[in-house]
Amino acid sequence: DMWFDTANKVLQIWDGANWISPVPGFTYNQGGTGAVDRTLTSKLQDTVSVKDFGAVGDGVADDTAAIQAAIAIQKPLFFPEGEYRITSALTSNQVKIYWTGERAVLKSEVLSGFVLTFGTDATSKYDLILDGLRFERTSGTNSCIYLHEQLNAKVNYCYFSGFKDYALHAKACDGLDITNCRFHDGSVKVENQMDGFCFTNNEVSAAVNHPCLEVYGGYGQTISGNFFSWAQHEAIVLGYDSIRGDY
């Protein structure tokens, strides 16, 4: 067992008889055959929380700089429960990205462009995962996430609300999988797609400015089990080079 002593700002660990404060060299061992000792600091740094860099998550404080600083560490990123206010665009060129949240809401006040851009150069990135996050537009831009040159990217169990242009726009991606997400007001666009695009068990409702789903390019597409409602344009638009697949 362990707990954090907020009064003295130290970690306390139960050694079976007493609560102790670990010294800098305190070790951790997972147990099991082959397990090795690690410093406690190294173990705790396996996953980064945005709160480690000063994010507050109260919906009032501007958490933009804290989140960008956490992104720069290039480790799996966790958003604890809260509302995180974003006022300027965030970018990541990380090769592997894993963002997850626990009832976390990213609230955008970004003025223009995309709120989040993954991949800003011509170098291919791979194994991006966004899981369990909620993105809401408070004001400003109507475009949320831009994925560029991503291999085997997955967007799962995410919710997008208020982005009336493109909640998610992917370009030149290969093996993109969007599953069990909900898009309200906004659309999804996939262009210059390579192969293996999968869009399953999603809900797209009240898309305002564009078709619910646009797909241009690639082979082996799978679009199934989705629910489209209250669309002001077409539900699905497939480019002439995107016909082969399962629908």
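Just above sits the structure.
Residues numbered from 1 in each chain as written. Predicted model: local features only at pLDDT ≥ 70, side-chain atom pairs only at ≥ 80, totals over all residues. Heavy atoms only, no water.

Brief notes about helix 2 (residues 64-72)
Then, in step 1: Of all the positions in helix 2, only Thr64, Ala66, Ile67, Ala70 and Ile71 are classed as buried. Along helix 2, the residues classed as buried sweep out an arc of 165° about the axis, all on the same side. Exposed side of helix 2, more than 90 degrees from the buried face: Ala65 and Ala72 are the residues found there.
Then, in step 2: Looking at the buried residues of helix 2, the elements they touch are strand 6 (48-49), strand 7 (58-62), strand 8 (77-79), strand 9 (82-86), strand 10 (90-92) and strand 11 (97-108).
Then, in step 3: A positive phi of about 60° marks glutamine 74, the residue just after helix 2. (Buried < 20%, exposed > 50% of the residue type's maximum accessible area, 1.4 Å probe, protein only. Helix = DSSP H or I, 4+ residues; strand = E, 2+ residues; numbered from the N terminus. Arc of directions from axis to C-beta. Contact = heavy atoms within 4.5 Å.)

Some remarks on the packing of aromatic side chains
Then, in step 1: Within this structure, the stated rule accounts for 8 aromatic pairs.
Then, in step 2: When the ring of phenylalanine 160 is compared with that of phenylalanine 183, the centres are 4.9 Å apart and the planes differ by 5°; the resulting orientation is stacked. Of this pair, phenylalanine 160 sits in strand 18 (residues 159-161) while phenylalanine 183 sits in strand 21 (residues 182-184), and the two are 23 residues apart along the sequence. Phenylalanine 183 matches phenylalanine 160 in its accessibility class, with the two residues each being buried. (Phe/Tyr/Trp six-rings, centres within 6.5 Å; stacked < 30°, edge-to-face > 60°.)

Things to note about the side chain of glutamate 191
Then, in step 1: Mapped onto the elements, glutamate 191 comes out in strand 22 (residues 187-191).
Then, in step 2: Buried and unpaired, glutamate 191 has no salt bridge, with lysine 189 as the nearest side chain of opposite charge at 4.4 Å. (Lys, Arg positive; Asp, Glu negative; His and termini not counted. Salt bridge = Lys/Arg side-chain N within 4 Å of Asp/Glu carboxyl O.)

Notes on the environment of alanine 89
Then, in step 1: When you line up the elements, alanine 89 lands in the loop between strand 9 and strand 10.
Then, in step 2: Separated by 25 residues in sequence, alanine 89 and phenylalanine 114 place their C-alpha atoms 6.6 Å apart.
Then, in step 3: With residues near it in sequence (within four places) discarded, alanine 89 still touches Gln68, Val110, Phe114 and Val115.

Remarks on the sheet that holds strand 25 (residues 213-215)
Then, in step 1: Strand order in the open sheet formed by 7 strands is 10-12-15-19-22-25-28, and the pairing between neighbours is parallel. Each having just a single partner strand, strand 10 and strand 28 (236-238) make up the two edges of the open sheet. In this sheet, neighbouring strand axes are inclined to one another by 10° on average, regardless of whether the strands run parallel or antiparallel.
Then, in step 2: Across 4 bridges, strand 12 (residues 114-118) lies against strand 15 (residues 143-148) in parallel orientation. In the sheet register, threonine 117 faces strand 15, and the bridge partner there is tyrosine 146. (Pairing = 2+ DSSP bridges. Axes fitted to C-alpha atoms, helices over the stretch in contact; angles between N-to-C directions.)

A word on unusual backbone geometry
Then, in step 1: Even without being a glycine, alanine 206 presents a positive backbone phi close to 55°.
Then, in step 2: On the secondary structure map, alanine 206 appears in the loop between strand 24 (203-205) and strand 25.

Section: the environment of valine 188
Then, in step 1: By secondary structure assignment, the location of valine 188 is in strand 22.
Then, in step 2: Valine 188 gets classed as buried once you look at its relative accessible area, which sits at 0%.
Then, in step 3: Excluding residues within four positions of it along the chain, valine 188 makes contact with Tyr166, Leu168, Ile178, Phe183, Phe199, Cys212, Leu213 and Glu214.

What about the pairing of strand 19 (residues 166-171)?
Then, in step 1: Counting buried positions along strand 19 gives 5 out of 6 residues, so the element sits mostly inside the fold.
Then, in step 2: Here 5 bridges tie strand 19 to strand 22, and the two strands are oriented parallel to one another. Residue pairing across strands places leucine 168 opposite valine 188, the latter belonging to strand 22.

Details of a nonpolar patch on the surface
Then, in step 1: On the surface, a nonpolar cluster with roughly 330 Å² of combined accessible area is contributed by Trp3, Trp14 and Trp19.
Then, in step 2: For tryptophan 14, the location among the structural elements is in strand 2 (residues 10-14). (Patch = residues over 30% accessible without salt bridge, like charges linked within 9 Å, V, L, I, M, F, W, Y side chains within 5 Å. Areas by Shrake-Rupley, 256 points an atom, 1.4 Å probe, with all protein chains shown as cover.)

Concerning the pattern of salt bridges
Then, in step 1: Applying the stated criterion across every chain yields a total of 6 salt bridges.
Then, in step 2: For arginine 103, the salt bridge goes to glutamate 81, with nearest N and O atoms at 3.4 Å. Of this pair, arginine 103 sits in strand 11 while glutamate 81 is found in the loop between strand 8 and strand 9, placing the two residues 22 residues apart along the sequence.
Then, in step 3: With a relative accessible area of 56%, arginine 103 lands in the exposed category.
Then, in step 4: Take glutamate 81: its relative accessible area is 47%, and that puts it in the partly exposed class.

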